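As a plain string of letters, each chain reads:
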Amino acid sequence: MLRKRFEMEVREELRKVYNLNERELPGLLAGYLESSGLPHDPQNLLIRWADSKIRRGPRWMNVDMTQINTPAPFRSVYIKGRFLGIPLEGLDMYSGGHGEMTIRALKFLKVAEERGDPMDVSALVTLLSEAPFLPSLFLAECTEWSQLDDERVEGRIRDHGITASGLFTFDEHGRFLKFYTEDRYCAEFNMEQHPWSVEVLSYRDTGDFIYPAECTATWHLPEGDLKYFHGRIGDARFNIRTL
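Small disclaimer: the values here were computed from a predicted structure and weren't measured. (Residues numbered from 1 in each chain as written. Predicted model: local features only at pLDDT ≥ 70, side-chain atom pairs only at ≥ 80, totals over all residues. Heavy atoms only, no water.)

On to helix α1 (residues 2-14). The α-helix advances 3.6 residues per turn, and as a result positions three or four apart in sequence lie on the same side. Here α1 is 13 residues long and its end C-alpha atoms lie 18 Å apart, about the 18 Å a rise of 1.5 Å per residue gives. Those residues of α1 that fall on the buried side of the exposure criterion are Leu2, Phe6, Val10, Glu13 and Leu14. Buried residues in α1, looked at end-on, bunch into an arc of 95 degrees, giving them a common side. The secondary structure elements touched by the buried residues of α1 are β2 (59-70), β3 (74-83), β4 (86-95) and β5 (98-105). (Helix = DSSP H or I, 4+ residues; strand = E, 2+ residues; numbered from the N terminus. Expected span 1.5 Å × (residues − 1). Buried < 20%, exposed > 50% of the residue type's maximum accessible area, 1.4 Å probe, protein only. Arc of directions from axis to C-beta. Contact = heavy atoms within 4.5 Å.)

As judged from the four bridges shared by strand β10 (residues 176-181) and strand β13 (residues 196-205), these two strands associate in the antiparallel manner. Within β13, the position partnered with Thr181 by the bridge is Trp196. Across nine bridges, the pairing between β13 and strand β14 (residues 210-221) is antiparallel. Along β14, the bridge assignment pairs Glu199 with Thr216. In textbook terms, the turn of a hairpin is the stretch between consecutive antiparallel strands, and for β13 and β14 this stretch comprises four residues, one of which, Gly207, has a positive phi near 100 degrees. (Pairing = 2+ DSSP bridges.)

Together, Ile86, Leu106 and Leu109 make up an exposed nonpolar region whose accessible area comes to about 270 Å². Mapped onto the elements of the fold, Ile86 is located in strand β4. (Patch = residues over 30% accessible without salt bridge, like charges linked within 9 Å, V, L, I, M, F, W, Y side chains within 5 Å. Areas by Shrake-Rupley, 256 points an atom, 1.4 Å probe, with all protein chains shown as cover. Salt bridge = Lys/Arg side-chain N within 4 Å of Asp/Glu carboxyl O.)

The next thing to look at is the pattern of salt bridges. Between side chains of opposite charge, a pair can form as their charged atoms come close. Across all of its chains, the model carries 16 salt bridges by this definition. Put simply, Glu113 and Lys110 hold a salt bridge, and the shortest N to O gap is 3.6 Å. Exposure remark for Lys110: the relative accessible area of 56% places this residue in the exposed category. Two residues, Arg158 and Glu144, come together in a salt bridge whose shortest N-O distance is 2.7 Å. Residue Arg158 is found in strand β8 (residues 152-159), and its partner Glu144 is found in strand β7 (residues 143-147); the two are separated by 14 residues along the sequence. Relative accessible area serves as the criterion here: at 40%, Arg158 is assigned to the partly exposed category.

Buried within helix α2 (residues 27-36) we find Leu28, Leu29, Tyr32, Leu33 and Ser36. Each buried residue of α2 sits inside an arc of 135 degrees when the element is viewed along its axis, so together they form one side. Facing away from the buried side of α2 by more than 90 degrees, the exposed set consists of Gly27 and Glu34. Following α2 by one or two positions, Gly37 adopts a phi angle in the positive range, close to 75 degrees.

Let's shift gears to the pairing of β7. Relative to β8, β7 runs antiparallel, the two being bridged by five bridges. Opposite Thr143, over in β8, you have Ile157 as the bridge partner. Counting the residues in the hairpin turn of β7 and β8 gives four residues.

Below you can see the structure in the form of structure tokens.
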């Protein structure tokens, strides 16, 4: 059920063409694009995550994920895995001003379904965090960028009356290292707002460009950090026409 919905909504999104702004980017963003060799204006991004895992309570669940991002802004991730031997599937998305996280067991049993204002801003800021994965977001009408110092850029995204922002940190070689925000809400903690970060642990050379290879996501809770996602990017492609 969720897989069919994912494919249908992605097919609609891949038909669209996005106009991007010609703008002068902050030095750190321009340097990141130059050093990585990434295209500046792709219309979409496909990521297939491999050998990845998500924490559910005290346990880790191995997952396969297929993800599509566009500068609309749009983001949709289809998640498939097993938890305690039970098949689970999920849909994590942002589209048209609305965020959603739906998880089902055995395709029909609802495990979780998060919607509403906190989910909308959380899904939008997640999409913002992946701007270095889809560089056309640097040029999208919905984003603004300000360099704060030699290592950090502040990014801001606006869509359908929702605003979210965060800090991007780069190393001395121009590579994206970390995204940090205080705009995200945690579904596992009663939709409370807590600091959240994404870190890139390694890169790989695809032959066409240098791209993140391994990432983690962490909640920074009052009682300590909770790392809940560890993923490896098996494949990343731009300007696809079909899944």
